[in-house]
Amino acid sequence: MAYTNSGMVDYTRLSPNRSGQRTHTIDRISPHCVVGHCTAEGLGDWFARSSTQASSNYGIDRNGRVGLYVEEKNRSWCTSSNANDQRAVTIECASDAKEPYTMKSSVYATLVKLCTDICRRNGKSKLLWLGDKDKALAYNPAADEMVLTVHRWFADKSCPGEWLYSRLGDLASRVTAALGGTTEQPTQPVEPEQPKTQIYRVSKTTVLGLQREKGC
Ligand SMILES: [Zn+2]
């Protein structure tokens, strides 16, 4: 399937911080928290500096606008994992600057639409949230399946923050419903959402590291 870019893009500034064409077809989406309520232009400025050494395919800004920084055909430098970034479309989402990195409802609404659009253009009818690193990374998706992965599985970071992390099941269900598929997730029985008892701890240095890496 030929690679394309989203028609939802409001602003384009291609980043030098990327590798060439992907070595793996797209079957993952990795949403991130920017650590700041940035604009699409501000995030574009940050990724345009080669010294930033980071990028994402898309960004969703504080007003729900979509920025394109690395075309879908190319590998972004976003998830601290070559293996993941080769197959994932990465999306930076404007958020609060500290845990739980809350996002505005307009940002989340755009994320649902953008994930739906990415799935549709890449021939997927289901978005899956498997809720567990080992399960998700070992999962071999069917041709019509897209899998959500998160940055915290690959680096000592909270990203995408507890606010979005706790909504990834909801995100997967909304996107799958919009694609016309079943909202049932395949490998595990869906259990009612339990209150999180484990706080994901982020040290001050980690937060500062995030801010340095993901300024906006
Ligand atoms: Zn991240």
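Quick note: structure is the one above.
Note that the structure is a prediction, hence the values are computed from the model and not measured.

Provide a residue-level description of the overall build of the protein chain, including the pertinent values.
Each helix and strand in the protein chain was counted, giving 7 helices and 9 strands. The buried share of the protein chain, reckoned over its 216 residues, is 41%. Looking at the protein chain alone, contacts between residues at least 24 apart form 72% of all its contacts between residues at least 6 apart.

Describe the packing of helix 3 (residues 105–121) against helix 6 (residues 168–178), with residues and values.
At a minimum axis separation of 9 Å, helix 3 and helix 6 run at an interaxial angle of 55°. Of the possible angle classes, the one that applies to helix 3 and helix 6 is oblique. Where helix 3 crosses over helix 6, the two elements pack in a sense that is right-handed. Residue-level inspection shows Leu-111, Val-112, Cys-115, Thr-116 and Cys-119 of helix 3 in contact with helix 6, the latter providing Leu-171, Arg-174, Val-175 and Ala-178. The residue inventory of the contact of helix 3 with helix 6, partitioned by class, reads 7 nonpolar, 1 polar and 1 charged.

Which residues make up the pairing of strand 9 (residues 145–148), and what are the values?
The sheet contact formed by strand 3 (residues 28–33) and strand 9 spans 2 bridges and is parallel. Paired with Arg-28 across the two strands is Val-147, which belongs to strand 9. The sheet contact formed by strand 8 (residues 126–128) and strand 9 spans 3 bridges and is parallel. Paired with Leu-127 across the strands is Met-146, a residue of strand 9.

Just give me the short version of the environment of Tyr-69, but keep the residues and values in it.
Along the chain, the position of Tyr-69 falls in the loop between strand 5 (66–68) and strand 6 (74–76). Beyond its immediate stretch of four places on either side in the chain, Tyr-69 contacts Arg-13, Leu-14, Ser-15, Gly-44, Phe-47, Ser-55, Ser-56, Asn-57 and Gly-59.

Which residues make up unusual backbone geometry, and what values go with them?
Glycine aside, residues mostly have negative phi, and peptide bonds are mostly found in the trans state. With omega at 10°, the peptide bond leading from Glu-99 into Pro-100 counts as cis. Of note, the amide linkage connecting Cys-159 to Pro-160 takes the cis form, showing an omega dihedral of 15°. Of note, Val-35 is a non-glycine position whose phi angle comes to about 75°, a positive value. Mapped onto the elements of the fold, Val-35 is located in the loop between strand 3 and helix 1 (40–48). Although it is not a glycine, Gln-53 sits at a positive phi angle of roughly 55°. Structurally, Gln-53 can be placed in the loop between helix 1 and strand 4 (58–60). With 11 C-beta atoms packed within 10 Å, Gln-53 lands in the exposed category.

Please set out the sheet that holds strand 8 residue by residue, giving values where relevant.
Spatially, the 7 strands line up as an open sheet ordered 1-5-4-7-3-9-8, and their pairing is mixed. Since the sheet does not close on itself, it has two edges, and those belong to strand 1 (9–12) and strand 8, each with one partner. Strand-to-strand, the axes of this sheet are offset by a mean angle of 30°, without reference to chain direction. Relative to strand 5, strand 1 is paired through 3 bridges, and the arrangement is parallel.

Can you break down the nonpolar core residue by residue, with the values?
In this structure, Ile-60 and Cys-93 are the most contacted members of the largest nonpolar core, which totals 45 residues. Looking at which element gives the most residues to this core, the answer is helix 3, with 7 residues. Beyond its immediate sequence surroundings of up to four residues, Ile-60 is in contact with Val-66, Ile-91, Cys-93, Ala-94, Val-107, Thr-110, Leu-111 and Leu-114.

Could you give an account of helix 6, with specific residues and numbers?
If you check which residues of helix 6 are buried, you get Ala-172, Arg-174, Val-175 and Thr-176. At its buried positions, helix 6 is contacted by helix 3, strand 8 and strand 9. Once helix 6 ends, the next one or two residues include Gly-180, with phi positive near 90°.

Definitions and limits used
- Residues numbered from 1 in each chain as written.
- Predicted model: local features only at pLDDT ≥ 70, side-chain atom pairs only at ≥ 80, totals over all residues.
- Helix = DSSP H or I, 4+ residues; strand = E, 2+ residues; numbered from the N terminus.
- Buried ≥ 20, exposed ≤ 12 C-beta atoms within 10 Å, placed from the backbone.
- Contact = placed C-beta atoms within 7 Å.
- Axes fitted to C-alpha atoms, helices over the stretch in contact; angles between N-to-C directions.
- Parallel < 35°, antiparallel > 145°, perpendicular 65-115°, else oblique.
- Left-handed = near helix turned anticlockwise from the far one by under 90°.
- Nonpolar A, V, L, I, M, F, W, Y, C, P; charged D, E, K, R; others polar.
- Pairing = 2+ DSSP bridges.
- Core = buried A, V, L, I, M, F, W, Y, C linked by C-beta atoms within 7 Å.

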